[in-house]
Amino acid sequence: MRIAPKELLAQRGQLDKDVVAVLVDGKIVDLHTPIEPPAKMDVLRQDSAKALEIIRHSTAHVMADAVQKLFPGTQVTIGPAIDNGFFYDFARPDHKPFNDADLAQIEAKMGEIIAGNHDFRREVVSRDEAKKLFQSMGETFKLEIIDAIPEGDDISLYRHGDWVDVCRGPHVPNTRFLQGVKLTSVAGAYWRGQESNPMLQRIYGTAFPSKKALDAYLKQLEEAKARDHRKLGKELDLFMMSDLAPASPFFLPRGAFVYNTLVDFVRKQYQRRGYREVITPQIFDKALWERSGHWENYRENMFMSFGADALEEVPEGRTARGTPLGEVFVSAGDKAKEKLAGSSLDYVCGCKAMNCPSHCVIFGAQRRSYRELPLRIADFGRLHRYERSGVTHGLTRVRTFSQDDGHIFCTPEQMQDEIAKFMDFFYAVYKALAFDKIEIRLATRPEKRLGTDEMWDKSEAALAKGLEARGLPYVISEGEGAFYGPKLEFHITDAIGRPWQLGTIQVDYNLPERFELEYIGADNAAHRPVMLHRAILGSLERFLGVYIEHVAGAFPVWLAPEQLALLTVADRHNDYAHEIRAEMEAKGIRVIVDDSNEKLGGKIRAARNLRIPYLGVVGDKEVEARAVALRSRIDGELGSIPLADVIARISKEGEFPTL
RNA sequence: GCCACCCUAGCUCAGUGGUAGAGCAGCGGUUUCGUAAACCGCAGGUCGUGGGUUCAAAUCCCAUGGGUGGCUCCA
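As the structure is a computational prediction, the values presented were derived from the model and not from experiment.

Criteria and thresholds
Residues numbered from 1 in each chain as written. Chains lettered and ligands numbered in written order. Predicted model: local features only at pLDDT ≥ 70, side-chain atom pairs only at ≥ 80, totals over all residues. Heavy atoms only, no water. Helix = DSSP H or I, 4+ residues; strand = E, 2+ residues; numbered from the N terminus. Buried < 20%, exposed > 50% of the residue type's maximum accessible area, 1.4 Å probe, protein only. Contact = heavy atoms within 4.5 Å. Areas by Shrake-Rupley, 256 points an atom, 1.4 Å probe, with all protein chains shown as cover. Lys, Arg positive; Asp, Glu negative; His and termini not counted. Charge placed at Lys NZ, Arg CZ, Asp CG, Glu CD. Salt bridge = Lys/Arg side-chain N within 4 Å of Asp/Glu carboxyl O. Pairing = 2+ DSSP bridges. Right-handed = clockwise from strand over helix to strand, strands pointing away. Near = heavy atom within 4 Å. Polar contact = N/O pair within 3.5 Å; in protein donor to acceptor, adjacent residues only side chain to side chain. Nonpolar A, V, L, I, M, F, W, Y, C, P; charged D, E, K, R; others polar. Phe/Tyr/Trp six-rings, centres within 6.5 Å; stacked < 30°, edge-to-face > 60°. Lys NZ or Arg CZ within 6 Å of the ring centre and 35° of its normal.

Undergrad: Just to check I follow, could you spell out the overall build of chain A for this structure?
TA: The helix and strand inventory of chain A stands at 21 helices and 33 strands. Counting only C-alpha atoms, chain A reaches 85 × 80 × 55 Å along its principal axes. When each of the 659 residues of chain A is scored for burial, the buried share is 50%. Counting contacts in chain A only where the partners sit at least 6 residues apart, residues at least 24 apart contribute 70% of the total. Working note: accessible area of chain A is about 31900 Å², and carbon and sulfur atoms make up 50% of it. Placing the 88 positive and 96 negative side-chain charges of chain A at their respective mean positions leaves the two points 2 Å apart.

Written as structure tokens, this is what we have:
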């Protein structure tokens, strides 16, 4: 005998005013959905974290109600709760978007609906009834949704006031539970996420059990924005951008220092872990990319390049070699194609978007012995990828970057061990950099791919095994692998919680095949190696963006562009400051002197704003004692300390972390 | 690429059809100072760019570049 938890709680006298839903076997069940009376049932109150999702989903319904009241004829589609709130996608008959003024109006209407204290009600209907209902309402998207509900599942409707939606639930008992509501932004979104489908108008919002909780969230969001790497990049003179090279950062001296130091840090590890670094060309003959499969699978992301002679008309009596430019630029307009058609393309080049093909060229350039394997090749080469406008973002999504990239050529037998070694390396680095929350995704075969299903089966299994060997939890990203092989992606979130892939390891049987790579085994026969693509920090640009946010611009002593700022109290201390600066620089310490015409307080403020780890005040006492009044960003005032001790302390902290 | 919004001095921003502004930074001077902003002065902008409407455009319209938040795509 199934019964709604609402009745059950009422019978037991547990139906308090702040009960949102119940928890049965760890599953959230709203008060409307009939269940078998369970042995154990916990109540979820308004302020519990698990109630948040229900509140947000119900708020999405109220928003859809408000939108349909204000914009008659608008169709509803889907409206789930998400990490930071909820959204609902709409199709307006006039295809007009919502603007900020509309949002304010919708929010006001939502307030009215909520104030009406409407009960949410659930009912189960047959597929035909549901279809008839939404047919009569002209909700064609909902009809598609109903059709997608698996046979045998209940089709439930949720109503509040006079508004109805087909919905799995769960929902709050009454609109009065929705007290902290804010609409945040609008966005275009494709129906079912397909670019070929019509674009819907999405409205994002967030909701909390109370106005107070909402305000706290909004404040926290403000604070997160203060550590946005784009803002800090400007404030700390780390990097800049220019319209003349969209999505391509210019690293300024301070930023370039941090960048190079990260590279040095990884390089030092390479030395100990059997990697050999190479430097490879930037621009390659198209033939390389045809062989690697990039031409076929990755061309739209590549920058093309060609010599001036490619633009010359082909002279009379000579046959053009290569591909006419007009055929290369497939997405060029007809006019452009016509113009390019007569130009020969003896030498079209692709600017490299990945290092792997050149490493294959290196591997294949010599007869290789099994004794050389695993061969670990590292490359910090600069990559260029043509990113569509609209997807780029600060340092985290750019058009030019370099990775701490490496490719391991090994025997199939060595592969699992190499994956394990990589995992050790990876976690040692992230631990040293004080990252603890790392999400792992196993990205599996995409639609557009090279190689056989057997190869993909083997590759995916090898990566999963590598994770299971360490007992690491992971999620599967269906179809998100690279075109040549599956990957493990290591994701870290930025200041406002957006995840970014940094490190990766990918198994690849395909490129060795395409490049016909071989090594001679102990049996004196030729064998095909396996290739592992791997990066620890990933794109250094992206890593730095995430890392700046992680440390809020306050780099540890070993990474800080300046480790110590010497601040003089008055002009008469300037000579001493410059003298000891030279002494410290000779010992490898990075020092700046602020001998400007500012008061001490002003100098301290300026140095602190730059997040310099140590401040050293020099005045009469310090000159007298050959000392520095030291102040640490972390430990505060340390008092007057002899010069030699300051040098010792900063030198020690300035060493690279040991792994 | 698609949707919305934004672009005013090096930076942060004010200015909604009628003579382009502030703070900070910069420069010059004064001050010589002990732990988060000394004082005075000067200079700095074809209001992203190009068209249009208007007697008059930073402001309204169109196009275009760049950025922001999403969608899609990806390190």
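There is more to say, and it comes next.
Undergrad: I keep staring at the pattern of salt bridges and nothing clicks. Help me out?
TA: Here the idea is simple: oppositely charged side chains can pair when their charged atoms come close. Inspection of every chain in the model, using the stated rule, returns 39 salt bridges. The salt bridge partner of Asp424 is Arg470, with a shortest N-O separation of 2.4 Å. Pair noted here: Asp424 is in helix H14 (residues 412–432) and Arg470 is in helix H15 (residues 453–470), with a separation of 46 residues, a long-range link. By relative accessible area, which is 36% here, Arg470 ends up partly exposed. The partner of Glu637 in a salt bridge is Arg631, and the shortest N-O contact between them spans 3.7 Å. You can call Glu637 exposed: its relative accessible area is 63%. Among the ionic contacts, a cluster of salt bridges with common partners joins Arg445, Arg449, Asp453, Asp457 and Glu460.

Undergrad: Looking at this structure, how should I read the pairing of strand E30 (residues 591–594)?
TA: When strand E29 (residues 564–568) meets E30, the two strands line up parallel, connected through four bridges. Paired with Leu564 across the two strands is Val591, which belongs to E30. After leaving E29, the chain enters helix H18 (residues 574–586) and then returns to the sheet as E30, a path that is right-handed.

Undergrad: Help me out: how do you make sense of the protein's contact with RNA strand B in this one?
TA: With respect to spatial proximity, 57 residues lie near RNA strand B, and among them Ser389, Lys487, Gln501, Asn597 and Arg608 are the closest. Counting only the atoms of RNA strand B within 4 Å of the protein, the fraction contributed by sugar and phosphate is 52%. A distance of 2.9 Å separates a sugar or linking oxygen of RNA strand B from a polar side-chain atom of Tyr204. Among the secondary structure elements, those contributing two or more residues to the surface near RNA strand B are strand E10 (180–190), strand E11 (199–208), helix H7 (229–235), helix H19 (600–609), helix H20 (620–625) and strand E32 (627–632). For the surface near RNA strand B, the class distribution of residues is 18 nonpolar, 16 polar and 23 charged.

Undergrad: What am I meant to see in the packing of aromatic side chains here?
TA: To describe a pair of aromatic rings, one takes the distance between the centres and the angle between the planes. Scanning the model with the defined rule gives 32 aromatic pairs in all. When the ring of Phe435 is compared with that of Tyr547, the centres are 5.9 Å apart and the planes differ by 55°; the resulting orientation is tilted. Here the residue Phe435 occupies a position in the loop between H14 and strand E22 (439–443), and Tyr547 occupies one in helix H17 (residues 540–550), the gap between them amounting to 112 residues. Take Phe435 and Tyr547: they sit in the same class, and that class is buried. The ring of Phe363 has Arg368 lying over it, and the distance from NZ or CZ to the ring centre is 5.3 Å.

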